[in-house]
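Overview (structure and organization)
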Amino acid sequence: MENKNLFSESGIIITLILILIPVLIAAMIVVLKAFKLFKKHFKKKELEKFNTYLKELNPEEITKLEQRKKALEFALSNNELAGNDIPEDPKGLINNIAEADSFRFIEQKKKGQARPYVEPALTNLILWYIGCATFWLLFGTTMGEYLGIKFVAPDVDHYSWLSFGRLRPVHTNAVFWGWASLAMMGLAYYVVPRVSNVPIASIKKGYYSLILINLSVIIGSICLMAGINNGGGEYREYIWPVMALFGIGIIISLFNFIKTIARKTTKEIYVSNWYIVAAMMFLLVIAIVAYWPTWQNGLGETIVQGYYMLQGVGMWFMLFTLGLMYYFLPQQLNKPIYSYSLGILAFWTQILFYTLIGTHHFIFSAIPWWLQTVAIVGSVGMVIPVIAGTTNFLMTFKGSWHKLSSSYTLPFYLIGIIFYFTGSLQGTAEAFRFTNLVWHFTDFTVAHSHLTMYGIICFMLWGFIYTLVPRLTGKEPSQVLIGAHFWLAFIGLLFYTFPLMYGSTLKGLMWMEGKPFIDSVELMAPYWLWRAIGGTLMWLSHILFAYNFYVMIKRKQEIVIPTAPADILRAKKELDTLDLTK
């Protein structure tokens, strides 16, 4: 048996680092304390010398000091140029010129608009959905953060429940079905009745869905950590009874939305409702096809897995989130969507092409060649809805780009739109036979999935939540913390994805050259470190988001003393009205 140096083991190194951290901190504290003692001693010596100097001062030196004191205390009267007249500003050109209530190097954004009337029961339902989604975001990405660390230190633990093979599906399913799905559903409970101009059909059914979806994620996570799973299908690891709970929850809300839309007082069904209802219908079809027992063996299961995996992202998350964008973007810019027709074109072409592309993840497999070719053609066809949707959103921005600098929500929208274009076209590029040969089975797929699920879905959802929740609660979080959330998430995503894409390209080329597999593993080590660094930044941004959400729903009303003339006059009017009513 080969004798290995004990200190070359990752687990031993991590343990030593954890021990050394408090020791080093204690040593630094001792050094600082000693430095302070020495400094205090020298200060006492200086004070003794100064007291001796004071006792020996003669009258001439005292006179010089008094003259110098008088010279230093001289000050202008501040009216040398203005005179003694009372200053006026009849045109309101100067406002708070001598005041600085906040950091001047952080641009102040506009506050949220006044709260529209939303019945309190619906407000509570929406906040419960988003609150549960926020919990699953923290839980799921904490699992992801730990998995990223395991790439750098694979032997950090030896518990079966925390093994990579079990935690990875816990991470993906928690953020899929817990975070993104619940956040989308909560926002839909605001959008669907809003664009239909009627109250939601049943708030109670909304809670039924919320309970069932949460139960499915809780039970599913426990089962996965215990080793009870569906056997290898990516994003399909939940066993069928667990997924059935999720599906029933979606069915309940689907009927709730359809009943609400049926009562609409508007002339036509707004495009947002097209996307949202279609996404829910497709999810049910996708789940039934994926879990139907007839084709769970052999090549049939591979084809179904490709279908399920792609349709889950494109026809559930993407379709649903785009529907929300068609409501929130025009509302934030205070203008109609650029083209309703482009929205419908993108809707139907996405349904046409995206449902064909499932097998583009299995090029050069045993799947029939013609089916692989159909998937490639469908992937190229996806250029149509992506360009149509991106054009629609960017043209809606036209004439309103200046609002970006004064808004803390629109940057989330814009980044989501940019990644919608780049991430989707990257998926098209991956479908071609040569690129598939290079990138498939490498970490490039992981980078791509984060560009789309994180760069598109998460950024859009955060923008929508920061738009809606302050209007429901009347409370806004710190704009500095929202900015910190945005930049940590954005920079973290870039640190995560770009090194993985570059390293994976080199890795795939090594395989094509017939290099030993272990060489490609060693090659990826520094890129996995960047993955862990980027993932940590993203995870920290989620903690900030959770805190911001807490502030939006829980912070007590602060006492604000008006300073602007308009605010003072408004307060005076409210006070006079209050006195009259007593």
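All values derive from a computational prediction rather than experimental measurement. Counting of residues starts from 1 at the beginning of each chain's written sequence and follows it residue by residue. Only residues with pLDDT of at least 70 are given local features in this predicted model, and only at 80 or more are side-chain atom pairs given and counted; all residues enter the totals for whole chains, interfaces and linings. Derived side-chain values reflect all non-hydrogen atoms in the structure, with water molecules and hydrogen atoms excluded from consideration.

**A closer look at empty space enclosed by the protein**
Gaps left between atoms are located by rolling a probe of water-molecule size over the structure's atoms. Applicable threshold: Grid spacing is 1 Å over the protein atoms alone, the probe is 1.4 Å, and a cavity is where that probe fits but cannot get out, while a pocket is an open set with protein on both sides within 12 Å along at least five of seven lines and lining residues have an atom within 4 Å of a point. Grid points are joined across faces, edges and corners, and a volume is the space filled by probe spheres set on the points. Runs of H or I in DSSP of at least four residues are treated as helices and runs of E of at least two as strands, each being numbered from the N terminus.
Tallying each qualifying case throughout the model produces one cavity of 30 Å³ or more. By volume, the largest cavity is sized at about 40 Å³. The wall of the largest cavity is formed by Met243, Phe246, Gly247, Ile250, Leu283, Leu284 and Ala287. Counting residues per element, the ones that place at least two in the lining of the largest cavity are α6 (240–262) and α7 (271–291). No other element matches the four residues that α6 contributes to the lining of the largest cavity.

**Things to note about helix α4 (residues 164–196)**
What counts is decided by this rule: Expected span, for any helix, means 1.5 Å times one less than how many residues it has. By definition, a residue's bend is the angle between the axes fitted to the seven residues ending there and the seven starting there.
Along its 33 residues, α4 runs 46 Å from first to last C-alpha, staying within 8% of the 48 Å computed at 1.5 Å per residue. Where α4 bends most, the angle comes to about 30°, and this point is Ala188. Looking at the residues trailing α4, positive phi occurs at Asn197, about 65°.

**Things to note about the layout of surface pockets**
What counts, and what does not: Only Asp, Glu, Lys and Arg are considered charged, only Ala, Val, Leu, Ile, Met, Phe, Trp, Tyr, Cys and Pro nonpolar, and every remaining residue, Gly among them, polar.
By volume, the second largest pocket is sized at about 870 Å³. As for the second largest pocket, its lining consists of 37 residues, of which Glu234, Met309, Leu310, His361 and Thr445 are closest to the centre. In terms of residue class, the lining of the second largest pocket is built from 16 nonpolar, 18 polar and three charged.

**Quick look at the side chain of Thr260**
Here is the rule: Residues adjacent in sequence count toward polar contacts only when both atoms are side-chain atoms; beyond that, a polar contact is any pair of N or O atoms within 3.5 Å, and within protein one must be able to donate a hydrogen and the other to accept it. Contact definition: two residues touch when any of their heavy atoms are within 4.5 Å.
Tracing the sequence through the fold places Thr260 in helix α6. At 2.9 Å, the side chain of Thr260 and the backbone nitrogen of Ala201 are in polar contact. Those residues in contact with Thr260, other than ones at most four positions away along the chain, are Val192, Pro193, Ser196, Val198, Pro199, Ile200 and Ala201.

**Focus on the packing of aromatic side chains**
Operational definition: By convention, a stacked pair of Phe, Tyr or Trp rings (six-membered ring in the case of Trp) has centres within 6.5 Å and planes under 30 degrees apart, an edge-to-face pair has planes over 60 apart, and any other such pair is tilted.
Summed over all chains, the structure comprises 45 aromatic pairs. Where Trp274 meets Phe347, the ring centres are 5.5 Å apart and the plane angle is 80°; that geometry is what we call edge-to-face. Highlighted residues: Trp274 in helix α7 and Phe347 in helix α9 (residues 340–354), separated in sequence by 73 residues. Through pairs of rings, three or more aromatic residues link up here, namely Trp179, Phe412, Phe419, Tyr454, Phe459, Trp462, Tyr466, Phe486, Trp487, Phe490 and Phe545.

**What to know about the nonpolar core**
Spelled out, the test is: For this analysis, a nonpolar core means a set of buried residues of the types Ala, Val, Leu, Ile, Met, Phe, Trp, Tyr and Cys, connected via side-chain atoms within 4.5 Å. Burial classification: accessible surface area is computed with a 1.4 Å probe over protein chains only, and a residue below 20% of its type maximum counts as buried, one above 50% as exposed, and the rest as partly exposed.
Ranked by size, the top nonpolar core spans 140 residues in total, and within it Trp177, Trp179 and Trp316 carry the most contacts. Leaving out residues up to four positions away in the same chain, Trp179 has contacts with Ala133, Thr134, Trp136, Leu137, Ala174, Cys458, Leu461, Trp462, Ile465 and Phe545.

**Some words on the environment of Arg433**
Examined against the element boundaries, Arg433 turns out to sit in helix α13 (residues 433–439). Put simply, Arg433 and Phe362 are 71 residues apart on the chain and 10.0 Å apart in space, counted from C-alpha to C-alpha. With residues near it in sequence (within four places) discarded, Arg433 still touches Ile363, Phe364, Trp369, Gln372, Thr373 and Ile376.

**Considering the pattern of salt bridges**
Basically, it comes down to this: In the sections that follow, a salt bridge refers to a side-chain nitrogen of Lys or Arg positioned within 4 Å of a carboxyl oxygen of Asp or Glu.
Applying the stated criterion to the full structure yields seven salt bridges. The salt bridge partner of Glu73 is Lys69, with a shortest N-O separation of 3.2 Å. Look at Glu73 and you get exposed, because its relative accessible area is 54%. Among the residues examined, Lys69 registers a relative accessible area of 49% and is labelled partly exposed. Asp443 is the partner of Arg531 in a salt bridge, and the nearest nitrogen-oxygen pair spans 3.5 Å.

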